[in-house]
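Each chain is listed here by its residues.
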Amino acid sequence: MNAPHPQPLTLLDRFDQKVFDAIYSRSLVYNTCWEDPAVDRKALELGADDTLLVITSAGCNVLDYALLGPKRIHAVDANPRQTALLELKLAAIRRLDYEDFFAFFGRGYHEASAQLYHDVLRAELSPFAREWWDERHRWFSSPHGSFYFHGLAGIVARGFRTYLKLRPALAAAVRELLAAPDVATQRRIYDRSIAGEFWKRSVNWVLSRQITMSLLGVPHPQRRLVQEQHPGGVAAFVRDAIEYVFRELSVRDNYFWRVYVTGHYTRDCCPEYLKRDNFHALKMGLADRIVPHTCTISEFLEDSDEAISRFVLLDHMDWMSSYYPAALIEEWNLLLRRAAPGARFLFRSAHARPGFLDWIRVGAQRRPLREVLHFHDELAARLQREDRVHTYAGFLIADVRP
Ligand SMILES: C[S@@+](CC[C@H](N)C(=O)[O-])C[C@H]1O[C@@H](n2cnc3c(N)ncnc32)[C@H](O)[C@@H]1O
């Protein structure tokens with residue numbers, strides 16, 4: 001089976017693509033990682049000798065994996081603004097105390113953010129990151145706002161907050177659900193006060209707009225993958241994900257949905273890097289094992305000859321598989337060339353069984369990817385049931401066969 005020819009784009013697809021490229025090429029897309037590192041930790045089985053290649057996104061998960069003490073983490077992202085966010089977090093870990101750090105990245109607001117940025121953090125940043133944050137450190141300075149209402153994903157969160165302001169009864173039910181002591185209570189509140197009130201035609205309409213998905217970093221081919229799999233389309237897919245998260249999993253530690261509903265984390269419900277002891281472990285040296293890079297995965301692998309034992313590639317292959325199938329094949333050949341014996345790959349997809357795994361050929365013998373990699377489908381399915389984000393149909397764990 002050969003790489004599919006890039007799908008002929010309709011006029012609307014071209015327009016959606018132009019909008020996506022325009023907003024993506026000048027924005028911070030992810031102000032927080034939207035993939036569950038607690039699940040990744042169980043899948044990665046990290047050790048002190050491991051060297052990781054991880055796509056940075058907002059850097060939260062890179063910091064999470066660093067807490068497990070691997071040898072090195074190469075944090076790579078093609079979007080320099082994502083790298084700039086990781087750089088700011090690393091500078092803050094090195095130079096701020098815990099209370100100031102939690103104000104910035106836990107609360108999303110620090111009353112002295114401008115002064116701390118100029119006097120303490122700015123000097124630690126690369127020229128690009130400095131230029132970027134010189135214009136945007138104010139994202140941390142609004143007492144009624146939050147850093148988590150900025151960036152593209154933040155715009156959607158701000159829109160949701162405004163919607164809840166217009167629906168006080170629904171807002172009260174959402175607050176009640178986030179404070180629920182157990183899953184049974186959550187389920188009761190969701191069924192009684194949220195499901196019927198929230199899933200209105202207007203909400204379904206907004207969710208099925210490409211612009212909403214573009215703001216959430218989902219380009220139209222990835223949206224199409226969801227539509228192909230789910231009879232009710234994107235809105236119904238999102239509804240199923242939200243219903244699973246709030247009716248089947250505890251919200252007490254679900255910081256992913258909480259930050260987008262409230263605009264901030266709490267000390268009990270936040271990413272691991274924001275917990276006091278973990279912050280100090282990072283400050284005492286674990287954060288120094290992280291090396292940020294702004295380039296594509298392929299560019300990084302071409303320039304490096306280091307053997308990588310763990311790869312965390314998020315859902316970026318969905319982006320490439322329809323736009324740049326040849327580049328994705330090239331990337332897999334480079335990934336396998338740099339993979340240490342027995343290396344493990346983690347990635348996600350909007351498709352439960354991503355088609356590109358069947359047409360990618362690697363190596364001089366052009367062997368099918370599924371011949372070169374052993375997929376742990378049962379482990380992946382079991383861990384996916386624990387996933388607190390739950391918006392990816394596909395979660396894949398694969399080892400290089402001996
Ligand atoms: C698809 S998004 C994943 C975001 C992730 N789901 C999250 O919520 O945290 C991909 C991220 O990978 C980056 N990216 C996409 N293609 C890339 C490539 N070929 N090399 C490096 N980074 C890439 C994007 O800039 C973005 O930050």
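This is a predicted model, so every value here is computed, not measured.

K.L.:
Explanation requested: the nonpolar core in the structure shown.
P.N.:
Nonpolar side chains in soluble globular proteins generally cluster together in the buried interior. Formed by 142 residues in total, the largest nonpolar core has its most connected members in F105, W133, W332, F345 and F347. Per-element tally for this core: the top contributor is helix α4 (residues 80-95), with eight residues. When sequence neighbours within four positions are dropped, the list of residues in contact with W133 reads A84, L85, L88, Y117, L125, W139, F140 and F147.

K.L.:
Can you help me understand unusual backbone geometry in this one?
P.N.:
Of note, the phi angle at R366 is positive, near 50 degrees, even though the residue is not glycine. With phi around 65 degrees, H390 is a residue other than glycine that occupies positive phi space. When you line up the elements, H390 lands in the loop between α22 (377-384) and β9 (394-400). Among the residues examined, H390 registers a relative accessible area of 19% and is labelled buried.

K.L.:
Sorry, what's going on with the site of the ligand here?
P.N.:
Around the ligand, the structure places 21 residues, and the nearest of them are Y24, E35, S57, D77 and Y392. Contact distances for the ligand include 2.7 Å between an oxygen atom and a side-chain N or O atom of S57. Within the side chain of D315, an N or O atom sits 3.2 Å from a nitrogen atom of the ligand. Bound to the protein, the ligand loses 96% of the 580 Å² it would expose on its own. In terms of residues, the shell around the ligand owes the most to one element, helix α18 (residues 316-323), which gives three residues. Within the shell around the ligand, the residues separate by chemical class into 12 nonpolar, five polar and four charged.

K.L.:
How should the packing of aromatic side chains be read in this particular structure?
P.N.:
Geometrically, a pair of aromatic rings is defined through the distance of the ring centres and the angle of the planes. Per the stated rule, a full pass over the model turns up 32 aromatic pairs. Lying over the aromatic face of W132, R136 brings its terminal NZ or CZ to 3.5 Å of the ring centre. Over the ring of F102 we find R267; its NZ or CZ atom is 4.4 Å from the centre of that ring.

About the thresholds
- The residue count restarts for each chain, going from 1 along the sequence in the order it is written.
- Local features are withheld for residues below a pLDDT of 70 in this predicted model, meaning they are given only at 70 or higher, and side-chain atom pairs are given and counted only at 80 or more; totals for whole chains, interfaces and linings count all residues.
- Derived side-chain values reflect all non-hydrogen atoms in the structure, with water molecules and hydrogen atoms excluded from consideration.
- Nonpolar cores were defined as sets of buried Ala, Val, Leu, Ile, Met, Phe, Trp, Tyr and Cys residues, with membership established by side-chain atoms within 4.5 Å.
- When accessible area is computed with a 1.4 Å probe and restricted to protein chains, residues below 20% of their type maximum are described as buried, those above 50% as exposed, and intermediate ones as partly exposed.
- Helix numbers and strand numbers start at the N terminus; a helix is a DSSP run of H or I with at least 4 residues, a strand a run of E with at least 2.
- Contacts are residue-level and defined by heavy atoms, with any inter-residue pair within 4.5 Å sufficient.
- Residues are classed as near a molecule or strand on a simple rule: at least one heavy atom within 4 Å of it.
- For this analysis, a polar contact is any N or O atom pair within 3.5 Å, provided that within protein one partner can donate a hydrogen and the other can accept it, and provided that sequence-adjacent residues contribute only side-chain to side-chain pairs.
- Per-residue and other accessible areas follow the Shrake-Rupley method at a 1.4 Å probe size, with only the shown protein chains counted as cover for residues.
- Here the term charged refers only to Asp, Glu, Lys and Arg, the term nonpolar to Ala, Val, Leu, Ile, Met, Phe, Trp, Tyr, Cys and Pro, and the term polar to all other amino acids, Gly among them.
- Any two rings among Phe, Tyr and Trp, with Trp reduced to its six-membered ring, count as a pair given centres within 6.5 Å; such a pair is stacked if its planes are under 30 degrees apart, edge-to-face if over 60, and tilted if neither.
- Distance and angle both matter: a charge sits over a ring if NZ of Lys or CZ of Arg is within 6 Å of the ring centre and within 35 degrees of the ring normal.

Without other data, these values stay purely geometric and don't point to any function.
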